Structures are given as C-alpha cells and as structure tokens.
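# Examining the three-dimensional arrangement
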Amino acid sequence: MKNKEILPKDIWNDKKISDVNEFIKKHSDNQSKEKKIRNKLLSIQYKLEDYIEKDDIKENEVLDILDFVKMYLKALDITKRDLAKYFGMRDSNLHKYLTGKRKLNPEVVLKISSFSRTKPEYWYRVQVKNEIVKLKREKTKDYEKYDYKKLLSI
C-alpha cells in the first residue's frame, strides 16, 4: 500500500478553518476584559517588534510612531487628546513627536514606553528606521559612493 502525502489543503480546509475560528471566538468570549486588553497590547508589541526587525520596508509599509500609538489607543478605547492630557502635554505637541515632525526626547519616550509597557529603545528604533528608509528612498545613489571597496581601490 502506497502512503499518500498529506497536503496542507487536506488539513486546513474551509470546515477546519471555520471550526478553529469558532473555537478561538468562544475562548475569547470567555476571557475577562483585562485579559482581552492584555492580549491586544501584546499583539501590538509583537507588531512593533516585527516592524523594527524587518529588513526591507517599502514606501507603503512605513509606520510612524503615531500608527503604533493609535493601535494602543484603540485597544484601550481612549483618544490621543486624552493621552496628551495624561502626559501633561498639548495634543499638538504630542502629535508632532508621534508623526516625526519633532525628534523624540527621553521624556516623551519614557512616557510612551511606560504607557505601552514596552522598552524605550523600541520607540527610538522606529524613529531611526523611518529616517533611514526615507533617506535611502530619496538619496540611495548619494551613499553608494561610500563603499569601502571604492576607498581601497584609490
């Protein structure tokens, strides 16, 4: 008797996917509000970490710090204005930091970090990553001349 290879479609058919989704929904419905919030926050943290670690960001994939903060605000059902007030800032000031119009400073980073329960370095890394992506997109040719091989061949 010949063994038949099991293909992914044999395991993950529409019925199986529907059953798994139903199981997840039932399990989620039984969780406390606190647990649901923690899961949402953890999911956002993973998105933040993935973004930081991603090697090649395309123009349409660039996420500002504001995009991540909005995820937290939505999960917690609060507004950016509420957050600014909580941080002791004007909404317009906070907005400038979150959109990159102003560079993050340690005080703002520590507030965002404490609020989101993430490492402060993550927020700086998003800022730097976005600056590099923008520079590469605009001036890639300007920096190609700095290859060490070109220096050694002189």
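Residues numbered from 1 in each chain as written. Predicted model: local features only at pLDDT ≥ 70, side-chain atom pairs only at ≥ 80, totals over all residues. Heavy atoms only, no water.

### So, the pattern of salt bridges
As a reminder of what qualifies: When a carboxyl oxygen of Asp or Glu lies within 4 Å of a side-chain nitrogen of Lys or Arg, that pair is called a salt bridge. For helices the rule is a DSSP run of H or I covering at least 4 residues; for strands it is a run of E covering at least 2, with both sets numbered from the N terminus onward. For the exposure calls, accessible area comes from a 1.4 Å probe over protein chains only, and a residue counts as buried if that area is under 20% of its type's maximum, exposed if over 50%, partly exposed in between.
Considering all chains together, one arrives at eight salt bridges under this definition. Among the salt bridges present, the one from K15 reaches D19, with a minimum N-O distance of 3.0 Å. Remark: D19 and K15 occur in helix 2 (residues 14–29); sequence separation between them is four residues, near one turn of the helix. Overall, the relative accessible area of 57% leaves K15 in the exposed class. A salt bridge links K80 to D91, with the shortest nitrogen-to-oxygen separation between them at 3.0 Å. Remark: D91 occurs in helix 6 (residues 91–99) and K80 occurs in helix 5 (residues 80–87); sequence separation between them is 11 residues. Take K80: its relative accessible area is 18%, and that puts it in the buried class. Classification of D91 by relative accessible area gives partly exposed; the value is 22%.

### Describing a positive patch on the surface
This is how the line gets drawn: Residues with no salt bridge and a relative accessible area higher than 30% make up the patches, which join like charges within 9 Å and nonpolar side chains (Val, Leu, Ile, Met, Phe, Trp, Tyr) within 5 Å. The Shrake-Rupley method, run with a 1.4 Å probe sphere, supplies the accessible areas, and residue values consider only the shown protein chains as cover. Working convention for charge: Lys and Arg count positive, Asp and Glu count negative, and His plus the chain ends are omitted. Where a charge lies is defined by one atom per residue type: Lys uses NZ, Arg uses CZ, Asp uses CG and Glu uses CD.
Taken together, the side chains of K36, K40, K47 and K74 define a basic patch exposed on the protein surface. Within the element layout of this structure, K74 appears in helix 4 (residues 65–76).

### Considerations on the nonpolar core
Short version of the rule: Here, nonpolar core means buried Ala, Val, Leu, Ile, Met, Phe, Trp, Tyr and Cys residues that are tied together by side-chain atoms lying within 4.5 Å of each other. Two residues qualify as a contact provided that any one of their heavy atoms is within 4.5 Å of a heavy atom in the partner residue.
By size, the foremost hydrophobic cluster in this structure holds 27 residues, and its most contacted members are V69 and W123. Mapped onto this core, the elements with two or more residues apiece are helix 3 (33–53), helix 4, helix 5, helix 6, helix 7 (106–116) and helix 8 (120–144). The biggest single contributor to this core is helix 4, with seven residues. Excluding anything up to four places from it in sequence, W123 contacts L48, I65, F68, V69, Y72, L104, V109, I112, S113, S116 and T118.

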